[in-house]
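Summary of the model geometry
Residue-level listing of the chains:
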Amino acid sequence: MPIDTSAKIFVAGHRGLVGSAVARKLHQLGYTNLLLRSHSDLDLTNQSAVESFFAAEKPHYVILAAAKVGGIHANNTYPADFITVNLQIQTNVIVSSFNHKVQKLLFLGSSCIYPKFAPQPIPENALLTAPLEPTNEWYAVAKIAGIKMCQAYRLQHNFDAISAMPTNLYGTNDNFHPENSHVLPALLRRFHEAKINNLDKVVVWGTGSPLREFLHVDDLADAVIFLLDNYSDLEHVNVGSGSEVTIKELAELVKEVVGFKGELIWDSSKPDGTPRKLMDTSKLVGLGWTPKISLRDGLVDTYKWYLENYGKQ
Ligand SMILES: NC(=O)C1=CN([C@@H]2O[C@H](COP(=O)(O)OP(=O)(O)OC[C@H]3O[C@@H](n4cnc5c(N)ncnc54)[C@H](OP(=O)(O)O)[C@@H]3O)[C@@H](O)[C@H]2O)C=CC1
Ligand SMILES: C[C@H]1O[C@H](OP(=O)(O)OP(=O)(O)OC[C@H]2O[C@@H](n3cnc4c(=O)[nH]c(N)nc43)[C@H](O)[C@@H]2O)[C@@H](O)[C@@H](O)C1=O
């Protein structure tokens, strides 16, 4: 059943990659009562501030897209921040949502919750079956705790909290930081800067052999709203595109879309991370949702957005 368009929906993290896409999609669908707070207005790690906010605003629905997020280097360099901030944000928001009778909450995790050597494609029931990938285990442990909190509140209190596990995402409002971002925005920026500065080489991290599955964030936003409308159960749900590329193939594609003509240099002193993490999306497909945006189209669209927003710097 679609949520009523007048419902008060708190999109936590609405200025980030995912939260902004979800807010855009909700606006497009005619939702007029979105509750939005930037980080500077409401620090979600502050338990009493979060509790006061929920007491005053009483949202009907919550989409939890606020988190400390970063690529392989950031996760590997700031383990204490990744585990602490994420545990704080999700615990505060889930508990206050329950305390203030939110009708339904959707928590966002990530494909890094699964074991480093999980069966491929990775089914939901691979969770907690083997050790995690070390470069992001601290973030993954926080995300696994978020899934478990949603399950625990459903079991003990019948609270309608669900969890979605997206694969690697990209698109409008991504983080283009040179070191701390994910691979796709990092390469898009690096190739663009090399092109405009007439450089003949670009360094890419690792060996190029790891496989990754990329999903455009507008597809993810569509899936989030689909799940809110159509899914209320204990188990988390994978959200992916169903197709994967090697990092070398991704780099060649970004190079082509940006129009960089030089050479790629592979820096194998940088970590590869998990060798492969293709989501098994048969559960979500079975519910009736499929993605629409190809990697090439999504990349062209993201580069256009990058040029409009950062291109002149
Ligand atoms: N990006 C990806 O590839 C993937 C993301 N996900 C999940 O999607 C969710 C959103 O990620 P994404 O949009 O990429 O991340 P972003 O970093 O783009 O956005 C996160 C948002 O959360 C806000 N935020 C962070 N800390 C706080 C805080 N203490 N109080 C209030 N707001 C805060 C940020 O605000 P500010 O910037 O001002 O701090 C930002 O708006 C996360 O749960 C992530 O795990 C899952 C799989 C892949
Ligand atoms: C979504 C997911 O994202 C993170 O996991 P990840 O998939 O390993 O993330 P990544 O995008 O940073 O790297 C993917 C691959 O790409 C290679 N690579 C090449 N060149 C650059 C580069 O310039 N930057 C980055 N970041 N990676 C590069 C890099 O060496 C790696 O082999 C988790 O920490 C966690 O946040 C999470 O859940």
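Since the structure is predicted, the reported quantities are computational estimates derived from the model, not experimental observations.

Rules of the game
- Residues numbered from 1 in each chain as written.
- Chains lettered and ligands numbered in written order.
- Predicted model: local features only at pLDDT ≥ 70, side-chain atom pairs only at ≥ 80, totals over all residues.
- Heavy atoms only, no water.
- Helix = DSSP H or I, 4+ residues; strand = E, 2+ residues; numbered from the N terminus.
- Buried < 20%, exposed > 50% of the residue type's maximum accessible area, 1.4 Å probe, protein only.
- Contact = heavy atoms within 4.5 Å.
- Polar contact = N/O pair within 3.5 Å; in protein donor to acceptor, adjacent residues only side chain to side chain.
- Near = heavy atom within 4 Å.
- Areas by Shrake-Rupley, 256 points an atom, 1.4 Å probe, with all protein chains shown as cover.
- Lys, Arg positive; Asp, Glu negative; His and termini not counted.
- Salt bridge = Lys/Arg side-chain N within 4 Å of Asp/Glu carboxyl O.

Its place among the elements puts Trp289 in the loop between helix H9 (282-287) and helix H10 (295-310). Residue classification places Trp289 among the buried residues on the basis of a relative accessible area of 4%. In contact with Trp289, not counting residues within four places along its chain, are Asp219, Asp222, Ala223, Phe226, Val239, Gly240 and Leu284. At 2.9 Å, the side chain of Trp289 and the side chain of Asp222 are in polar contact.

Okay, the site of ligand 1 next. Ligand 1 sits among 25 residues. The nearest are Leu17, Val18, His39, Tyr139 and Lys143. Contact distances for ligand 1 include 2.9 Å between an oxygen atom and a backbone N or O atom of Leu169. Relative to its unbound accessible area of 890 Å², ligand 1 is 82% covered by the protein chains. Listed by contribution, the elements that provide at least two residues to the shell around ligand 1 are helix H1 (17-28), helix H5 (137-157) and strand E6 (168-170).

With respect to the helices and strands, Lys143 occurs in helix H5. Of the side chains bearing the opposite charge, Asp174 lies closest to the buried Lys143, which forms no salt bridge; the N-O distance is 14 Å. Within the local environment of Lys143, its side chain forms a polar contact with the backbone oxygen of Leu108, the two atoms lying 3.0 Å apart. The residues contacting Lys143, other than those within four sequence positions of it, are Ala67, Gln90, Phe107, Leu108, Gly109 and Ile113.

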